[in-house]
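Okay, here's what each chain looks like letter by letter:
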Amino acid sequence: MVKNDEAEETTDRARVLWLKVLETVFVLVVVAGLGLWSVPAALVVGGVLGVLACERASADRRAAGERRGGEAVGGERR
């Protein structure tokens, strides 16, 4: 039973990784297309999306720390 749970967790991680790669490629193509039309607009949109990506990554790390029961990485102390 444990091996089956580990296999499911591995496939879930692979799916999440695949979706992150697909999302990154999609965003890069959109920003590059916008850059062909207007470079300043592409820089602004790229900057905003970069900030959102950093916030999302730090939120994922905080949630992972709380799930483990330990102190969250990068999070505030309570």
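Note that the coordinates shown come from a computational prediction; the quantities given were computed from them, not determined experimentally. (Residues numbered from 1 in each chain as written. Predicted model: local features only at pLDDT ≥ 70, side-chain atom pairs only at ≥ 80, totals over all residues. Heavy atoms only, no water.)

**Some points on the overall build of the chain**
From N to C terminus, the chain includes 2 helices and 0 strands. With an accessible surface of roughly 6,800 Å², the chain has 66% of that area assigned to carbon and sulfur atoms. (Helix = DSSP H or I, 4+ residues; strand = E, 2+ residues; numbered from the N terminus. Areas by Shrake-Rupley, 256 points an atom, 1.4 Å probe, with all protein chains shown as cover.)

**Remarks on the pattern of salt bridges**
Scanning the entire structure with this criterion turns up 1 salt bridge. Residue glutamate 23 is joined to arginine 56 by a salt bridge in which the shortest nitrogen-to-oxygen separation is 2.8 Å. Taken together, the residues span a long stretch of sequence, with glutamate 23 in helix α1 (residues 2-37) and arginine 56 in helix α2 (residues 39-68) at a distance of 33 residues. On the basis of relative accessibility, which here comes to 35%, the residue glutamate 23 falls in the partly exposed class. (Salt bridge = Lys/Arg side-chain N within 4 Å of Asp/Glu carboxyl O. Buried < 20%, exposed > 50% of the residue type's maximum accessible area, 1.4 Å probe, protein only.)

**Some details on a nonpolar patch on the surface**
A cluster of nonpolar side chains, contributed by Phe26, Val27, Val30, Val44, Val45, Val48, Leu49 and Leu52, occupies part of the molecular surface with about 670 Å² of accessible area. Every element with two or more residues in the nonpolar patch is listed here: α1 and α2. Examining the composition of the nonpolar patch, we find that 5 residues originate from one element, α2, more than from any other. Mapped onto the elements of the fold, valine 27 is located in helix α1. (Patch = residues over 30% accessible without salt bridge, like charges linked within 9 Å, V, L, I, M, F, W, Y side chains within 5 Å.)

**Topic: the side chain of serine 58**
Summarising the element assignment, serine 58 is placed in helix α2. Engagement of the side chain of serine 58 in a polar contact is seen with the backbone oxygen of glutamate 55, the distance being 3.0 Å. (Polar contact = N/O pair within 3.5 Å; in protein donor to acceptor, adjacent residues only side chain to side chain.)

**A closer look at the environment of leucine 49**
Here leucine 49 is to be found in helix α2. Residue classification places leucine 49 among the partly exposed residues on the basis of a relative accessible area of 34%. Taking the C-alpha atoms as reference points, leucine 49 and valine 31, separated by 18 residues in sequence, lie 9.6 Å from one another. Once residues within four sequence positions are removed from consideration, leucine 49 is found in contact with Val27 and Val31. (Contact = heavy atoms within 4.5 Å.)

Structural measurements only, silent on function.
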